[in-house]
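# Close look at the chain arrangement
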Amino acid sequence: MLELKGICKRYVTQSFTQVALDNVSLSFRDNEFVAILGPSGSGKTTMLNVIGGLDHFDSGDLLIDGISTKDFHDRDWDAYRNNRIGFVFQSYNLIPHQTILENVELALTLTGVGHAERRQRAREALEKVGLGEHVNKRPSQLSGGQMQRVAIARALINDPEIVLADEPTGALDSTTSVQVMDLLKDVARDRLVIMVTHNPELAYQYATRIVNLADGKITDDSDPFDAAKAARREAKPTRKTSMSFVTALGLSARNLMTKKGRTAMTAFAGSIGIIGIAAILALSNGVNGYIKKVEEDTLSSYPLTISKQDYDLSSMMGGQGAADDDSPENVDSSDDSAGGKAKGTDRIPVVTAVKDMFASVKSNDMTSFKAWLDAGGDGIDKEVNAIQYGYGVSPVVYRAGKGDEKPVRLVPNAMTEAMSGGASSAATVNMESMGTSVFNEMIDDQSLLDSQYDVVAGHWPTSANEAVMVLSSRGTVGDYTLYSIGALDIDELNDLVNSAMTADGKIETPETGTDFTYDDALSTTFKVLSPADAYRKNEETGMWTDMSGDTDFMAAKVADGIDVHIVGVVRPNETANASALSPALPTRMR
Ligand code: ADP
Ligand code: MG
């Protein structure tokens, strides 16, 4: 049940203020087909965007199953959009260079559903809209009506409770319009469909309820619904799940290690679910201000990285995809090849894939590149928010022991070592950027940080030996972070990871319901060493020896290490979608 209460929305431009929605109150049943009619500029699209959580409103309230969205954080909006809403746009917003099967699959890629299931569900969705025979065509090979049916299949793939359609037949002739309307009517049999149209004929023929809008106000409603009088359905729990790190580790330690790529991808998609829609809009519709904001926020967590050595990951993944394909055709082809009749689409041997990977490793001339950047980079400053250099050196971090306590090594720990173990150096760098270490360098752009974060305790770092703790948008900090900064016993984590690596996932996880206060954070200090500090030079031979196993040697080095203090606690503010800092502990190091 969806309810708009006195929603107002204005667009303020330099010259004047446009009232797009003027005190709109409207309730929807869980299952009806509502057509919104009104002249161009009357606020129809704005209302749909507000309902779908794509646009914020100035005042009033949007209630979902009787729950106000006033206290919604970005994460809640993402969960709402991802799990409960399907969007259909007038201009289809299909990605031109992908097949329609891939277009529909994309909506699921971002939710972390496995490859085989994704393909299966996308195929079924396309069959439902009558396009089962066209799955391998590209959008340009289809008619307008067929493209809109693809868009509807894409909207339905997550089985949303609410489908929002903005002039879905606006670009179609009358015959194909009827086909699309038939389909939407079918879709509306077991969910709420809200459709904007300026074709009253179709609206009256198909919809169960007509709402008229003029100048941002509702002028007529053919079948009003009073949410207060209707029996209230129990609020559904959102499908969003949140797990502590140790729980996740205990549940599927092996999975976590072997599917780290996918884990990171899922976390990424979950935290910025909107990117699914944003990417679709950006790719086929050009970029507007809204998307630009999303991009800026997204790119600040997933920046463009230029490394000394690099390989073309996308072509590698392409090969991988073919080798991974578990569709029936592929299984057949390998059977055939056993009989001596290999097909063209045969599997790519691992050896070839590995050879390709190394053959495609390129070296970049970073020295000249940095010189070019330092010299102004032909005005690149205007195009970027911040430039950050990495030198491939991860500091070693200890927690300073109090009194006679021994210093405790926090980084590297079993987790960071497990994640980078055995990987090539290029992959190790990628691993680090995926955040296995909670210690990160802060980006050097205070205005971007100010726009995305509120300081909830202390202050922003002002010198090289100061750090901030970054909370999640809900103001929490994960247990992995607490382990990593030594607030929980790091040895416990090391044991957990080690047993998880060997015991096939069946491990005991400790209870970690710790109270950790801002004061605790602000009184935390670390000792930071360079990895080179673990080596001692033999003056006679000139050889360097790794002394990291020698407790006394290391204790002396730690005592001389750089003192780093947590001087502030920050939390993402409500407007930022993603963040320039990964939640944990970026230090300012220059
Ligand atoms: P409809 O979909 O009914 O044609 P819209 O909801 O798109 O109408 O727009 C309602 C009013 O708000 C129009 O006057 C439009 O010009 C204005 N408007 C919509 N989006 C923006 C925007 N991003 N900036 C400024 N004005 C806008
Ligand atoms: Mg419109």
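For the structure itself, look to the data block above.
The structure displayed is predicted, hence computed values, not measured ones. (Residues numbered from 1 in each chain as written. Chains lettered and ligands numbered in written order. Predicted model: local features only at pLDDT ≥ 70, side-chain atom pairs only at ≥ 80, totals over all residues. Heavy atoms only, no water.)

Here we take up the overall build of the chain. If you tally the helices and strands in the chain, you get 23 helices and 22 strands. Contacts in the chain between residues far apart in sequence, at least 24 positions, make up 74% of those at least 6 positions apart. Accessible surface computed for the chain: about 30,800 Å², of which carbon and sulfur atoms make up 52%. (Helix = DSSP H or I, 4+ residues; strand = E, 2+ residues; numbered from the N terminus. Contact = heavy atoms within 4.5 Å. Areas by Shrake-Rupley, 256 points an atom, 1.4 Å probe, with all protein chains shown as cover.)

For the rest of this paragraph, the subject is the sheet that holds strand β3 (residues 33-37). Here we have 6 strands laid out as an open sheet, ordered β6-β7-β8-β3-β9-β10, and mixed in their pairing. Every interior strand has two partners, whereas the edge strands, β6 (85-88) and β10 (217-221), have only one. Averaged over neighbouring strand pairs, the angle between their axes works out to 20 degrees when direction is ignored. One ladder, built from 5 bridges, connects strand β7 (residues 162-166) with strand β8 (residues 192-196); its direction is parallel. Across the sheet, Ala 165 pairs through a bridge with Met 195, a residue of β8. (Pairing = 2+ DSSP bridges. Axes fitted to C-alpha atoms, helices over the stretch in contact; angles between N-to-C directions.)

This part covers the pattern of salt bridges. Overall, the coordinates contain 17 salt bridges when judged by the stated rule. Across the pair Arg 29 and Glu 32 runs a salt bridge whose closest N-O atoms are separated by 2.8 Å. Residue Arg 209 is joined to Asp 221 by a salt bridge in which the shortest nitrogen-to-oxygen separation is 2.8 Å. Here the residue Arg 209 occupies a position in strand β9 (residues 209-214), and Asp 221 occupies one in strand β10, the gap between them amounting to 12 residues. Per residue, the accessibility class of Arg 209 equals that of Asp 221, and both read buried. Bridged by salt links that share partners, the residues Arg 29, Glu 32, Arg 209, Asp 221 and Asp 223 form one connected network. (Salt bridge = Lys/Arg side-chain N within 4 Å of Asp/Glu carboxyl O. Buried < 20%, exposed > 50% of the residue type's maximum accessible area, 1.4 Å probe, protein only.)

With that settled, consider a negative patch on the surface. On the surface, Asp 489, Asp 491, Glu 492 and Asp 495 cluster together to form a negatively charged patch. For Asp 495, the location among the structural elements is in helix α21 (residues 490-502). (Patch = residues over 30% accessible without salt bridge, like charges linked within 9 Å, V, L, I, M, F, W, Y side chains within 5 Å. Lys, Arg positive; Asp, Glu negative; His and termini not counted. Charge placed at Lys NZ, Arg CZ, Asp CG, Glu CD.)

For the rest of this paragraph, the subject is the packing of aromatic side chains. Any aromatic ring pair is given by two values, namely how distant the centres are and how the planes are angled relative to each other. Counted according to the given criterion, the structure contains 5 aromatic pairs. Note on Phe 72 and Trp 77: the rings are 5.0 Å apart at their centroids and 70 degrees apart in plane angle, and the pair reads as edge-to-face. Considered together, Phe 72 and Trp 77 belong to a single accessibility category, that of buried residues. With centroids separated by 5.7 Å and ring planes inclined at 25 degrees, the aromatic side chains of Phe 369 and Trp 372 adopt a geometry described as stacked. Residue Phe 369 and its partner Trp 372 are located together in helix α16 (residues 366-374), separated by 3 residues, close to a single helical turn. (Phe/Tyr/Trp six-rings, centres within 6.5 Å; stacked < 30°, edge-to-face > 60°.)

Attention now moves to unusual backbone geometry. Excluding glycine, a negative phi dihedral is what most residues carry, and trans is how most peptide bonds are arranged. Notably, Tyr 92 is not glycine yet its phi reads approximately 65 degrees, a positive angle. Counting through the fold element by element, Tyr 92 comes out in the loop between β6 and α3 (100-109). The buried category is assigned to Tyr 92, whose relative accessible area is 12%.

Examined bridge by bridge, β9 and β10 share 4 bridges and lie antiparallel to one another. Across the sheet, Ala 214 pairs through a bridge with Lys 217, a residue of β10. Between β9 and the antiparallel strand that follows it, β10, lie 2 residues; Asp 215 among them carries a positive phi value of about 50 degrees.

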